[in-house]
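Chain by chain, the residues:
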Amino acid sequence: MLTEKPKAAQEHPSAGVHGATTPTEGNVAYFEGGYVPLADAKISVLTHSFMYGTAVFEGIRAYWNQEQGVLYGLKLREHMERIRRNAAMLFMNDLPAVDELVHIVVETVRRNGFREDAYVRPCVYKSGQSIGVRLHKLPHDFLVVALPFGNYIDTDSGVRVMTSTWRRNADDALPARGKIVGGYVNMAFQKTEAELNGFDEALVLTADGHASEASAANLFVVRDGILLTPPVTDDILEGVTRKAILELAEVLGIPHEIRSIDRSEIYVADEMFLCGTGVQLAPVTELDHRPIAGGAIGPVTKQLHEAYYAAVRGRDSRFAHWLTPIPSR
Ligand code: PMP
């Protein structure tokens, strides 16, 4: 079997294709320095980040292990290191140290008392209420929201992808690397175009026509047994999952290379998959109406898929360092 089927206790009942989930009364957020009911975590309509997108965010998953009765936060340090670096890009410094940020994430999730998979959304945002677009001399704050969460897209049977007519926002215009809230309108154009045209996801190209990534996931292809992924200089988000997949490839002895990838190279590639916190590892069976891997799921993708899900649910001790057990409430 390619992947485990979500157990009833693991997948939130309202989790749809976008992992959509409805906040409940019991949800707790970290907001303005304290833990509050999610319903009370509110900002003014004049908030700078609301009007101009001047915020950076993270998406983190926590996986419920039914046998062990443990919720595992995945790669918490890596996400907190990234948000600190990206916040500094927007002149938002003086954040708590990484250890303290990880503690706040753990504590927020713990207070929610999840016994199912969850999604955590930390955000550093320009919190002042002022008109005037700029980055400097503005106050900022840190918040964390945590919700139950299922699959973002179908990770079992393979997804259908189209090449977007929207290019990825270039590093010299709006760095994708920064995971900047305003930048996600670019990703929204791509995702919506793909879905309205009957596809699941978008393949996004750089301004010079190289394959960059998907709307909200990094890209891997397999050619002649070699796993390939674009370099960080091809306008990608430097994905935590991308790095994890490269680590898995190293441990499993799968040859891998980081280099630019052409669009038509994917048409003739043996396998393709997308990866990211939300997407997890989604095999691609079709790009622009051309079947990939004969419309099935190729052997390298299958091997990595199984290894990834075992690792994130705490079923492979070789990757225990990826996980932070979150105490129950
Ligand atoms: N690219 C983009 C544009 C994304 O939004 C995401 C999701 N955060 C990814 C790649 C995957 O990154 P990660 O593995 O860190 O979630």
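All figures in this text were calculated on a predicted structure; none of them were measured in a lab.

Visitor: Can you break down the overall build of the protein residue by residue, with the values?
Guide: If you tally the helices and strands in the protein, you get seven helices and 17 strands. A compact globule built from 329 residues would reach a C-alpha radius of gyration of about 20 Å, and the protein, at 19 Å, matches this within 12%. When its C-alpha atoms are laid out on the principal axes, the protein stretches across 50 × 50 × 35 Å. In the protein, buried positions account for 54% of the 329 residues. Restricting the contact set of the protein to residue pairs at least 6 apart, pairs at least 24 apart contribute 71%. Element-wise, carbon and sulfur atoms account for 55% of the exposed surface of the protein, whose accessible area totals about 14000 Å².

Visitor: Provide a residue-level description of the packing of aromatic side chains, including the pertinent values.
Guide: If you walk through the whole model with that rule in mind, you get nine aromatic pairs. For the ring pair Phe220 and Phe273, a centre distance of 5.1 Å and an interplane angle of 15° mean the geometry is stacked. You can see Phe220 sitting in strand 11 (residues 218–223) and its partner Phe273 sitting in strand 14 (residues 271–276), a full 53 residues away along the chain. For Phe220, a relative accessible area of 0% gives the class buried. Its relative accessible area of 0% is what places Phe273 among the buried residues. Here a set of aromatic residues connected by ring pairs shows up, and it is made of Tyr308, Tyr309, Phe319 and Trp322. One residue, Arg290, lies across the ring of Tyr267, its end atom 4.1 Å from the ring centre.

Visitor: Describe in detail the packing of helix 2 (residues 76–89) against helix 3 (residues 98–112), supporting the description with residues and values.
Guide: Their axes nearest at 9 Å, the elements helix 2 and helix 3 cross at an angle of 120°. In terms of orientation, helix 2 lies oblique with respect to helix 3. By crossing handedness, the relation of helix 2 to helix 3 is classed as right-handed. Where helix 2 approaches helix 3, its residues Leu76, Arg77, Met80, Glu81, Ile83 and Arg84 are matched on the opposing element by Val98, Asp99, Leu101, Val102, Val105 and Val106. Across the contact of helix 2 with helix 3, the residue classes break down as eight nonpolar, no polar and four charged.

Visitor: Describe in detail the side chain of Asp117, supporting the description with residues and values.
Guide: Topologically, Asp117 is positioned in the loop between helix 3 and strand 6 (118–126). Within the structure, Asp117 has its side chain in polar contact with the backbone nitrogen of Trp64 (distance 3.0 Å).

Visitor: Please set out the packing of helix 5 (residues 240–252) against helix 7 (residues 299–312) residue by residue, giving values where relevant.
Guide: It is the contact of helix 5 with helix 7, at a shortest axis distance of 10 Å, that shows an interaxial angle of 110°. Considering the angle they form, helix 5 stands roughly perpendicular to helix 7. Contacts between helix 5 and helix 7 involve Thr241, Ile245, Leu248, Ala249 and Leu252 on the former and, on the latter, Gln303, Leu304, Ala307 and Tyr308. In terms of residue class, the contact of helix 5 with helix 7 is made up of seven nonpolar, two polar and no charged.

Visitor: Kindly report on the domain arrangement of the protein, identifying the contributing residues and their values.
Guide: Each domain of the protein was delimited in the assignment, giving domain 1 (28–150) and domain 2 (159–312). Once you take the C-alpha centre of each, domain 1 and domain 2 turn out to be 25 Å apart. The partner domain 2 presents 19 residues to the 19 residues of domain 1 that form the contact. Between domain 1 and domain 2, a total of about 1600 Å² is buried, with carbon and sulfur atoms accounting for 64% of that surface. Considering only the surface of domain 1 that becomes buried against domain 2, Phe57, Tyr63 and Arg82 emerge as the three largest contributors, covering 34% of it. Along the contact surface separating domain 1 from domain 2 lie one salt bridge. In this structure, Lys75 engages Glu247 in a salt bridge whose closest nitrogen and oxygen atoms are separated by 3.8 Å. Taken together, the connections running from domain 1 to domain 2 amount to ten residue pairs in polar contact (both at pLDDT 80 or more).

Conventions and cut-offs
Residues numbered from 1 in each chain as written. Predicted model: local features only at pLDDT ≥ 70, side-chain atom pairs only at ≥ 80, totals over all residues. Heavy atoms only, no water. Helix = DSSP H or I, 4+ residues; strand = E, 2+ residues; numbered from the N terminus. Rg over C-alpha atoms; globule rule 2.2 N^0.38 Å. Buried < 20%, exposed > 50% of the residue type's maximum accessible area, 1.4 Å probe, protein only. Contact = heavy atoms within 4.5 Å. Areas by Shrake-Rupley, 256 points an atom, 1.4 Å probe, with all protein chains shown as cover. Phe/Tyr/Trp six-rings, centres within 6.5 Å; stacked < 30°, edge-to-face > 60°. Lys NZ or Arg CZ within 6 Å of the ring centre and 35° of its normal. Axes fitted to C-alpha atoms, helices over the stretch in contact; angles between N-to-C directions. Parallel < 35°, antiparallel > 145°, perpendicular 65-115°, else oblique. Left-handed = near helix turned anticlockwise from the far one by under 90°. Nonpolar A, V, L, I, M, F, W, Y, C, P; charged D, E, K, R; others polar. Polar contact = N/O pair within 3.5 Å; in protein donor to acceptor, adjacent residues only side chain to side chain. Domains from an automatic or database assignment. Buried area = accessible area lost by both parts, 1.4 Å probe. Salt bridge = Lys/Arg side-chain N within 4 Å of Asp/Glu carboxyl O.

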